[in-house]
Amino acid sequence: MNPLSPGALVRRRYHVPHARIPAGEVLELPGRGTTYVTDTPGPSPDSPTVLLLHAVGCTGLLTWFPSIEPLSRRYRVVTLDQRWHGRGIQSPELSLHDCADDVAALIDALELRDVIVAGFSMGSIIAQRVWRQHPDRIDGLVLCATTDRFRSTIPERLFHQGLEIAMAGARGVSRSRTAVRASRQAGRALELFPEDMHDWVLGEFRSTSPWAVGQAVAALGRHHSRPWLGRIDVPTAVVVTMRDKVLPPDNQIALARRIPGATVHDIDAGHASCVLESERFVPALLEAVDTVNARRGDVRRLSGRRRASGSA
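Residues numbered from 1 in each chain as written. Predicted model: local features only at pLDDT ≥ 70, side-chain atom pairs only at ≥ 80, totals over all residues. Heavy atoms only, no water.

### Regarding the sheet that holds strand E6 (residues 140-144)
Here we have eight strands laid out as an open sheet, ordered E1-E2-E4-E3-E5-E6-E7-E8, and mixed in their pairing. At either end of the open sheet lies a strand with only one pairing partner, and these are strand E1 (24-29) and strand E8 (263-267). Geometrically, the sheet is characterised by an average inter-axis angle of 25° between neighbouring strands, direction not taken into account. Summarising the sheet, strand E2 (residues 33-40) and strand E4 (residues 76-80) pair through four bridges and their orientation is antiparallel. Residue pairing for E4: Thr 38 is matched across the bridge by Thr 79. Sitting on the sheet, helix H2 (residues 60-72) is in contact with E2, strand E3 (49-53), E4 and strand E5 (115-120), with an inclination near 175° to E4. Lying over the sheet, helix H3 (residues 96-109) contacts E1, E2, E3, E4 and E5, oriented at roughly 105° with respect to E1. (Pairing = 2+ DSSP bridges. Helix = DSSP H or I, 4+ residues; strand = E, 2+ residues; numbered from the N terminus. Axes fitted to C-alpha atoms, helices over the stretch in contact; angles between N-to-C directions. Contact = heavy atoms within 4.5 Å.)

### Quick word on helix H7 (residues 199-206)
Three or more residues of H7 are buried, namely Val 201, Leu 202, Glu 204 and Phe 205. Along H7, the residues classed as buried sweep out an arc of 165° about the axis, all on the same side. (Buried < 20%, exposed > 50% of the residue type's maximum accessible area, 1.4 Å probe, protein only. Arc of directions from axis to C-beta.)

### Quick notes on the packing of aromatic side chains
Using the criterion set out here, one finds four aromatic pairs in the structure. An aromatic cluster of at least three residues, connected via ring pairs, comprises Trp 64, Phe 120 and Phe 281. When the ring centre of Tyr 36 is taken as reference, the NZ or CZ atom of Arg 87 above it lies at 3.6 Å. (Phe/Tyr/Trp six-rings, centres within 6.5 Å; stacked < 30°, edge-to-face > 60°. Lys NZ or Arg CZ within 6 Å of the ring centre and 35° of its normal.)

Okay, structure coming up:
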């Protein structure tokens, strides 16, 4: 290997965990398009499902490969590539609303039951929207490195407004200098550039174009869930990355406090912890999912008692 290649340089500076990469397939979502899906069985046919939503500029496998096998010891684990990412659905526009509808379509296509949706960064934003748009499809939420809105500070507002203008002006010319420059700015701000990854990870990362990253970040800048977080009625856990330089930990904790009964699982790690600090992230993720799954059963038992009491 060339000692100056990105993969070689990464090996010298960063630990990327070794993990079994599950096989996947291209799946047609009726009326929507095709995406790449992995479906790892749990310990039994009736194991609850954890549906994993990835970060911006990544793929389902790239965000979650260290977590899939540990989760599969207790749950069925599903990933997908979201719109414009990896082998995800291609469409004229990218909207978080459509991404959430894609998740609901995947749940129907695979006939998933007892679904806990877990998202990291952008994936956590889409997970919130899945509940908002399809509350009957899911039984729990795990939100990792999350927020209820961007543009909460002057620098954030300036960044997102400038990026949105650049992306709108460059729409349709994805290889233009404007588009590439704007999307690279987004990648730097989100700590997503590939010098942090090994060869396979580099390949997964490069499967999403810089143009798509810029469009996704522009869409994220319009997210605002604060008005309806208090109505979330499924068990929810929030994994807080306490050294996060992208999404401030205080904002993550504030979001958790706005969701009734949400539990907080904090880790001393940064925004890329799902891979680069997986030894800290994965145990917290497992704890969060287990907590939601246990509370999911409690909610069902409580609902059953209420129905029984009402019919007596």
